[in-house]
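Residue-level listing of the chains:
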Amino acid sequence: MIRHDVQLQKLNTFGLPSVAESYLPLTDVSQLRGDAFKSTPALVLGSGSNLLLRDSVPGLTVHVLLGGVEELGPGGADAGAKKVGKGDVLLRVGGGVDWNQLVRYTLDRGLSGMENLVLIPGTVGASPVQNIGAYGAEVANVIAAVHVWEYGHGARTLSPEACDFGYRDSRFKREPGRFLITGVDFRLRKEADSVNTTYGAINTELARLQVEKPTPADVALAVTNIRRSKLPDWFFLGNSGSFFKNPVVELSVLEKIRETHPGAPSYAIDPAHVKLPAGWLIDRSGLKGAREGPVGTYAKQALVMVNHGGATGADILAFSERVQRAVREKFGVGLEREVRLVPEE
Ligand SMILES: Cc1cc2nc3c(=O)[nH]c(=O)nc-3n(C[C@H](O)[C@H](O)[C@H](O)COP(=O)(O)OP(=O)(O)OC[C@H]3O[C@@H](n4cnc5c(N)ncnc54)[C@H](O)[C@@H]3O)c2cc1C
C-alpha cells in the first residue's frame, strides 16, 4: 500500500530528515507486478546506511523488506549461477534480510565466507550494489547469483560475472534505477579452516585473543573488536561509515606526496597504480575530528562524517565539499563519494 509524505529520518543511519513523496514497503515480490512499478522508482531503500538524503525525495521510494533464508541443495541455483562444489553450501536470501543477522546465522552453522564482513550495517539486497567489503574480503567472493527485478523486463537472475563487480562498485551502482535486487544466492564453505586473515590487523587482534588456529567465529570476533574500536555506532552518532572511496592514483602521485610525507601509506593495485587511504589524506589535511555546526569528521577515523545532531543533507554535503577541496589543495587528489546522494545533483 503506497503512502504519501513519509518521513525517512529513522530509516537512514545519518538520521537526516527527508520526506518521501510516495513510499511503498515491499514485502512480497508479487507487488512488483503492480501499476506502481510501471516506471522506475526514485529510490530503492534498504537500511539507509549508505545514503545522503536531501530534504525530500520526489517520486516513489520502495523500501525492500523481502525476507527469507533458505538452504539450497546441490545444483539448486538458477541458471547462470556458479556451480556448487563439494563442501559448499548454497543459501538463498531475501533482499530485505539484515546483513549482520545473516552473517551471524552462517557463523552459528559453522560456515565460512562472510566472517570478515561482520557488523556491516545494511540489507542483503544492498550488499551487491557497492560490493560491500572490509578487512580483506568483499561480498563478490561469496555471491553465486543475484535475483533482480529489471524495470521494463521483469524477474531475472544474474551471474556474478554479469554483475561486473569492482572495488565498492558493480553495475547496480553504475545503473541506479534499472534493477531492484529481490534476493541473493551465497556460496559458503563448510570447512572451518578456510578463513581469510590476510588483513594485518586481524592477525594482531587474534594474537591478542591468543587464538592460534582461528575458526570463522574467531575471525568475526577479531573484526568485531577492531570495528568497535574504530567506528562510531550510528545509533548514537549518525553516520554512513566511509563517506569517500579510497582513491586509486598513478604511482607518480604517491611519489610526489612522499617528497613531503615520506611515510604516506598506500596499497599496491598494479605496477602503475596504488590505493591511498582517504582517511589519512583527510587527517593530514588537518580535518580529522573537525566540526562545523552539526557536522564533522569522526575523531578516531577522519573518513567517517558524523551528524552531531540536527544536521540536514545539505549541511553534510557542504562540509564534505570542504573536505574534498582541502584534500585537493594539499595533495592534488580528488575524493569520490562512496555514499549515494539522493536526489542526485
Ligand atoms: C557504521 C557504518 C559502517 C559501514 N561499514 C562498511 C564497510 O565496512 N564496508 C562497506 O562496504 N560498507 C560499509 N558501510 C556502508 C553500508 O553499510 C553498505 O553500503 C550497505 O550495503 C548499505 O546497505 P543498505 O541496506 O543500508 O542500503 P541503502 O543505504 O538503503 O542503499 C544504498 C544503495 O543501494 C541501493 N539499494 C538498496 N537496496 C537495494 C535493493 N534491494 N536493490 C537495488 N538497489 C538497492 C540504494 O538505492 C542505494 O543506491 C557502513 C555504513 C555504516 C553506517
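Residues numbered from 1 in each chain as written. Predicted model: local features only at pLDDT ≥ 70, side-chain atom pairs only at ≥ 80, totals over all residues. Heavy atoms only, no water.

As annotated in an unreviewed UniProt entry, the protein is UDP-N-acetylenolpyruvoylglucosamine reductase from Neolewinella antarctica. The UniProt entry for the protein carries the following comment under Cofactor (unreviewed entry): "FAD". (UniProt positions renumbered as here; feature names shortened; annotations may be inferred.)

Peer 1: Any details on the overall build of the protein? Residues and values, ideally.
Peer 2: Across its full length, the protein holds eight helices and 20 strands. Whereas a compact globule of 345 residues would reach a radius of gyration of roughly 20 Å, the protein reaches 21 Å, a difference of no more than 12%. Principal-axis analysis of the C-alpha atoms places the extent of the protein at approximately 55 × 55 × 35 Å. When the 345 residues of the protein are sorted by exposure, 50% land in the buried category. If you take every contact in the protein between residues at least 6 apart in sequence, the share linking residues at least 24 apart comes to 63%. Working note: accessible area of the protein is about 16000 Å², and carbon and sulfur atoms make up 50% of it. One finds the centroid of the 39 positive side-chain charges in the protein at a distance of 2 Å from the centroid of its 38 negative side-chain charges. (Helix = DSSP H or I, 4+ residues; strand = E, 2+ residues; numbered from the N terminus. Rg over C-alpha atoms; globule rule 2.2 N^0.38 Å. Buried < 20%, exposed > 50% of the residue type's maximum accessible area, 1.4 Å probe, protein only. Contact = heavy atoms within 4.5 Å. Areas by Shrake-Rupley, 256 points an atom, 1.4 Å probe, with all protein chains shown as cover. Lys, Arg positive; Asp, Glu negative; His and termini not counted. Charge placed at Lys NZ, Arg CZ, Asp CG, Glu CD.)

Peer 1: Run through the domain arrangement of the protein, naming residues and quoting values.
Peer 2: Taken domain by domain, the protein consists of domain 1 (3-64), domain 2 (74-189) and domain 3 (238-342). When each unit is reduced to the centre of its C-alpha atoms, the spacing between domain 1 and domain 3 is 29 Å. Opposite the 15 residues of domain 1 that make contact, domain 3 presents 17 residues. In total, about 1400 Å² of surface goes out of reach between domain 1 and domain 3, with carbon and sulfur atoms giving 58% of it. Top contributing element to the side of domain 1 that touches domain 3 by residue count: strand β4 (residues 51-53), with three residues. For the side of domain 1 that touches domain 3, a count of residues per class yields nine nonpolar, four polar and two charged. (Domains from an automatic or database assignment. Buried area = accessible area lost by both parts, 1.4 Å probe. Nonpolar A, V, L, I, M, F, W, Y, C, P; charged D, E, K, R; others polar.)

Peer 1: Describe the site of the ligand, naming the residues involved and giving the relevant values.
Peer 2: Taken together, 31 residues form the shell around the ligand, and within it Val44, Ser49, Asn50, Pro121 and Thr123 come nearest. For the ligand, an oxygen atom lies 2.8 Å from a polar atom in the backbone of Asn50. Between the ligand and Arg227 there is a distance of 2.8 Å, counted from a nitrogen atom to a side-chain nitrogen or oxygen. Protein chains shield 94% of the accessible area of the ligand, which is 980 Å² for the free molecule. Elements with a contribution of two residues or more to the shell around the ligand: β3 (43-45), β8 (133-134), β12 (179-189) and β13 (238-242). (Near = heavy atom within 4 Å. Polar contact = N/O pair within 3.5 Å; in protein donor to acceptor, adjacent residues only side chain to side chain.)

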